[in-house]
Amino acid sequence: MSKSGNRMPAGGRARRDDKKTRKNGKSPSASSERLKKTISPADIRLNDKEDRQERSSEPHKPKLSSLLQSSDIAGTRGAILNRNWRSSIQQYINLYNQAETEQHSRVLTDFVADPIHGDRLRLRLERLRERDLYRGALPAGSETKAELVRVNESASEVSVLLRLHIKRRMEQGGRFYTEERYEYERLWLASSGPHWEVLQIEPVIAERRPRYGASVFQRTPEPEEAPGEEIYIMPSLPYLNYDLMPGFKNRVKGIRYRRDLAAAYADRWWNEGNPAYELFEVNCTNYVSQCIFAGNAPMNYTGKRGNGWWYKGRNGGQEWWSYSWAVSNSLTQYLSAARKSGLRAFETETAGELQLGDVITYDWNGDGRFEHSTIVTAFDSAGQPLVNANTVASRHRFWDYRDSYAWTKATRYRFFHIEDLL
């Protein structure tokens, strides 16, 4: 989007540039060769490894922005090709953003020569449009930015891995809120004369990938004590006979779950990892467990990975945390079990019964294996939960995930309300 307004005559600009040149004693050629940058609602941040290496050797390193940095590339034939395929990606991001705003895929499918992805995108946007109409929510604007994560290029072909940052401003019942998410997509482009054509698109559906194998989903019992494994026992506490202390009989038992702290932690770390914890490739349940723990939920140390709910980091290269801390299916089973103390929850029939800091787990295929976890961090004007998640980083996203490529008609949910006193 370029700015418009009163324009100075060409001769006037030349005289003004001449005066500046005489005053500063500089040649006008440097400024005249500089590329003009245009601001778009969907910009590309070019910070792939090759660009960083090229700019690090320059005497003055320009600050990286979300604009297309064509002027940072040397004027060789290869660099011109670079600019061409990057221009095609810039156009793709602009059209992607338009499709998200209009909730129609046509503008993008006409540009991309990939009918399989075209159908995939069309179905996703149709679900999104139908859901928002049912909710009475209208898109009030959208912004998409992209970062080049990985590039493989030759003279006539390029493949790139894009990290997309999508922000949607929604209006519902006269109130506005913003939801955000990060997506990854792989694009393949080929040179077609002076232009580059997007031949294929493959979204990275990270929510579908479990952190461990099928044995964890089946919750196979571990041996009572693995060789060399240390058993952690909580320190003993003094016994008090409250029957002899009438003034303490009606005391409040347990630790209060601080829902506000859990939601605040979730908003702080939704798009990056807390360095105090391991950052997993599939990080959704690790992130949700951290949020619950930040809300004062006590860990249940057992020293056995198949039992309890606990985290101790790494010890001598070994993983020291329970499966329930890091695996969605295991957390689902842990929250479903009845217990008298520690982290406890009960299931609700609907998402509308949940509160801040409560948990939703997702079985994408309806096969009984839960592969994704989210935590409630806000509500829309109808009282429906908005959730945060990690792996595919999401903030204040509508809870049902019908806007995700991972969603299917067989998708099932479990809604867990964490007890107020733990």
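Here is what the cut-offs are and how they apply
Residues numbered from 1 in each chain as written. Predicted model: local features only at pLDDT ≥ 70, side-chain atom pairs only at ≥ 80, totals over all residues. Heavy atoms only, no water. Pairing = 2+ DSSP bridges. Helix = DSSP H or I, 4+ residues; strand = E, 2+ residues; numbered from the N terminus. 1 Å grid on protein atoms, 1.4 Å probe; cavity = no way out; pocket = protein on both sides within 12 Å on 5 of 7 lines; lining within 4 Å. Points joined across faces, edges and corners; volume = space filled by probe spheres on them. Nonpolar A, V, L, I, M, F, W, Y, C, P; charged D, E, K, R; others polar. Polar contact = N/O pair within 3.5 Å; in protein donor to acceptor, adjacent residues only side chain to side chain. Buried < 20%, exposed > 50% of the residue type's maximum accessible area, 1.4 Å probe, protein only. Core = buried A, V, L, I, M, F, W, Y, C linked by side-chain atoms within 4.5 Å. Salt bridge = Lys/Arg side-chain N within 4 Å of Asp/Glu carboxyl O. Contact = heavy atoms within 4.5 Å. Expected span 1.5 Å × (residues − 1).

Colleague: Looking at this model, I keep getting lost on the pairing of strand β4 (residues 175-192). Mind explaining?
Modeller: Each regular strand shows side chains that alternate between the opposite faces of the sheet. Alignment of strand β3 (residues 157-172) against β4, held across 16 bridges, turns out to be antiparallel. Within the sheet, the bridge partner assigned to H165 lies in β4 and is Y182. Hairpin connection of β3 to β4: 2 residues between the antiparallel strands, including G173 at a positive phi of 60°. The sheet contact formed by β4 and strand β12 (residues 394-398) spans 2 bridges and is antiparallel. In the strand pairing of β12, R181 is matched with S394. As judged from the 9 bridges shared by β4 and strand β5 (residues 195-204), these two strands associate in the antiparallel manner. Bridge assignment links E185 to a residue of β5, and that residue is P203. Connecting the antiparallel pair β4 and β5 is a turn made up of 2 residues, with G193 showing a positive phi of about 70°.

Colleague: Is there a simple way to explain the layout of surface pockets in this structure?
Modeller: A volume near 380 Å³ is recorded for the second largest pocket. A total of 3 residues in the lining of the second largest pocket trace back to one element, the largest contributor, which is β4. Here the residues of the lining of the second largest pocket are counted per class, giving 10 nonpolar, 5 polar and 6 charged.

Colleague: Any chance you could explain the environment of N390 here in plain terms?
Modeller: Within the element layout of this structure, N390 appears in the loop between β11 (385-389) and β12. Here the alpha-carbon distance between N390 and T374, two residues 16 residues apart in the chain, equals 8.0 Å. Looking at N390, its side chain comes within polar contact range of the main-chain oxygen of W270, at 2.8 Å.

Colleague: What am I meant to see in helix α9 (residues 284-294) here?
Modeller: With 9 of its 11 residues buried, α9 lies for the most part within the structure. Listed as buried for α9 are C284, T285, N286, Y287, V288, S289, Q290, C291 and I292. In the stretch just after α9, N296 is the one whose phi turns positive, near 85°.

Colleague: Explanation requested: the nonpolar core in the structure shown.
Modeller: Core analysis: the biggest nonpolar cluster contains 33 residues, and Y287, I292, W309, L343 and I418 have the highest contact counts within it. Looking at this core, the elements with two or more residues in it are α8 (259-268), α9, β7 (318-321), α10 (323-326), α11 (328-336) and β13 (412-418). Sort the elements by how many residues they give to this core and α9 lands first, with 4 residues. In this structure, Y96, F111, A146 and L187 belong to the second largest nonpolar core, which totals 27 residues.

Colleague: Would you mind going over the pattern of salt bridges with me for this structure?
Modeller: If the charged atoms of two oppositely charged side chains come close together, the side chains can form a pair. Taken as a whole, this structure holds 28 salt bridges when the rule is applied. Linking R122 and E126 is a salt bridge whose minimum nitrogen-to-oxygen distance equals 3.3 Å. Taken together, the residues span about one helical turn, with R122 and E126 both in helix α6 (residues 115-135) at a distance of 4 residues. A salt bridge links R305 to E319; the nearest nitrogen and oxygen atoms lie 3.1 Å apart.

Colleague: What's the story with the side chain of E179 in this structure? I'm lost.
Modeller: The residue E179 is located in strand β4 in this model. With relative accessibility at 4%, the residue E179 sits in the buried group. Separated by 2.5 Å, the side chains of E179 and R168 make a polar contact. Discounting residues that sit within four places of it in the chain, E179 has contacts with I166, K167, R168, M170, R395, H396, R397, F398 and D403.

Colleague: Just to check I follow, could you spell out α6 for this structure?
Modeller: Counting along an α-helix, one turn takes 3.6 residues, and residues three or four places apart therefore face a common direction. Here α6 spans 30 Å end to end across 21 residues, near enough to the 30 Å set by a 1.5 Å rise per residue. Here α6 has its buried residues at H117, G118, L121, R124, L125, R127, L128, R131, D132 and R135. Structurally, the start of α6 carries an N-cap: the backbone nitrogen of I116 is 3.2 Å from a side-chain oxygen of D114. With its phi angle positive at about 75°, G136 sits one or two positions after the end of α6.

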